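For reference, the chains in residue letters:
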Amino acid sequence: MNSGKRKPTIRNNKYAFRKASCTPATALPETGKVCCTPATNFPESGKPSCTPVRNFPGKNTRNIFKNMNAIELRLLRNAEYLQYVKDFTGIINLNNPESLGIETKLSAFNTKISELEALYKKALASDKTQELLLLDERRDNAINGIYYFLLSQSYHYEADKKQKAQLLLDNMALYGSGIARLNYQAETATLNNLMRDWENKPELTDAVAFFSLSAWVDEMKAANDLFNTTYLSRTQEYGDASPETIRTKREETNAAYYALRDRIDALHLLVETPPSPYITVINQLNALTDQYNILLVNRKETGAVPQKNENPPLQ
């Protein structure tokens with residue numbers, strides 16, 4: 001008796017239908033369209049299988065789910081950091097923050113920026129800042145003069161001179177390359193440790209005397225001690241603007257930055273009807289962040305070091 005059903009044909013000992021049917025998924029939001037992917041290999045039961053696609057992308061999905069780019073804030077030097085966060089708020093202010101519902105987070109962020117900027121300006125405004133720059137240059141010249149003299153002697157044709165020069169160079173290398181490029185506090189400590197080695201280790205003391213470097217070492221010690229005294233005096237003048245206080249204020253500013261950024265992202269993701277009103281400001285902020293990320297990448301590739309009158313990036 002013919003039931004009217006199409007008989008399956010046998011191909012490679014497996015059942016296959018000339019036409020397959022599938023139960024589509026329910027209508028999806030965004031487009032109202034459905035999407036169903038029918039299977040090509042049917043089980044032996046002869047019934048078709050269907051794997052519905054439940055997340056059918058609509059035209060505007062890429063805009064709805066676009067987030068803001070990230071940046072390693074701790075790697076920005078103080079001046080760069082201040083400029084970045086001020087530019088960040090500047091862009092937001094151009095996009096009517098009241099209508100975006102972010103004015104509270106923005107206000108908190110601006111308050112922290114103002115506090116940080118006041119500390120930073122106070123640190124730079126001290127009368128002793130210029131004196132520190134000159135003293136730092138003086139001790140840099142001393143350590144660099146010693147280093148390059150010893151470097152030249154390490155190529156000497158006399159074995160004794162070459163050996164003693166290399167002995168002192170190896171000791172300097174224990175404290176890293178580019179001592180003169182270290183930030184203020186790190187250089188002070190490094191030079192103190194280096195001079196302590198040269199005063200207390202007989203083989204190093206002998207090498208210093210062999211090359212008659214005592215005058216150079218005395219100059220380096222005098223400049224370093226005077227620098228440290230002046231630095232501490234300046235710190236007393238603006239105790240609330242010390243590097244540790246600025247570091248703490250940067251961390252507070254970071255927290256306000258992330259709270260604002262996450263608020264924008266969250267409101268953007270909750271938009272049900274595209275286009276999102278946050279797309280423009282997100283694109284502009286991403287362009288800003290990209291510029292500073294390029295700056296950080298270029299610095300890493302070139303091995304650039306912080307300027308001596310800048311606090312080092314936060315670690």
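Residues numbered from 1 in each chain as written. Predicted model: local features only at pLDDT ≥ 70, side-chain atom pairs only at ≥ 80, totals over all residues. Heavy atoms only, no water.

A. View of the pattern of salt bridges. Following the criterion strictly, the structure yields 15 salt bridges and no others. Put simply, Arg74 and Glu72 hold a salt bridge, and the shortest N to O gap is 3.4 Å. Owing to a relative accessible area of 37%, Arg74 belongs among the partly exposed residues under this scheme. What makes Glu72 partly exposed here is its relative accessible area of 42%. In this structure, Lys121 and Glu117 form a salt bridge, with 3.6 Å as the shortest nitrogen-oxygen distance. With a gap of four residues between them, Lys121 and Glu117 both fall in helix H4 (residues 103–125), about one helical turn apart. The exposed category is assigned to Lys121, whose relative accessible area is 51%. The structure contains a network of salt bridges with shared partners spanning Lys112, Glu115, Lys249 and Glu252. (Salt bridge = Lys/Arg side-chain N within 4 Å of Asp/Glu carboxyl O. Buried < 20%, exposed > 50% of the residue type's maximum accessible area, 1.4 Å probe, protein only. Helix = DSSP H or I, 4+ residues; strand = E, 2+ residues; numbered from the N terminus.)

B. Summary view of the packing of aromatic side chains. In this structure the tally under the stated criterion is 13 aromatic pairs. Here Tyr147 and Tyr148 contribute two aromatic rings whose centre-to-centre distance is 5.1 Å and whose plane-to-plane angle is 75 degrees, an arrangement assigned as edge-to-face. With 5.6 Å between their ring centres and 85 degrees between their planes, Phe149 and Phe211 make a pair best called edge-to-face. Of this pair, Phe149 sits in helix H5 (residues 128–153) while Phe211 sits in the loop between helix H8 (202–210) and helix H9 (214–237), and the two are 62 residues apart along the sequence. Residue classification places Phe149 among the partly exposed residues on the basis of a relative accessible area of 29%. (Phe/Tyr/Trp six-rings, centres within 6.5 Å; stacked < 30°, edge-to-face > 60°.)

C. Layout of the side chain of Thr253. By the element assignment, Thr253 lies in helix H10 (residues 243–269). Residue classification places Thr253 among the buried positions, given a relative accessible area of 0%. When neighbours within four sequence positions are excluded, Thr253 is seen to be in contact with Tyr81, Phe109, Lys112, Ile113 and Leu116. (Contact = heavy atoms within 4.5 Å.)

D. Summary view of H8. Listed as buried for H8 are Leu204, Ala207 and Val208. The buried residues of H8 occupy an angular sector of 100 degrees when projected down its axis, which confines them to one face. Immediately beyond the C-terminal end of H8, within one or two residues, lies Ser212, with a positive phi of roughly 55 degrees. (Arc of directions from axis to C-beta.)

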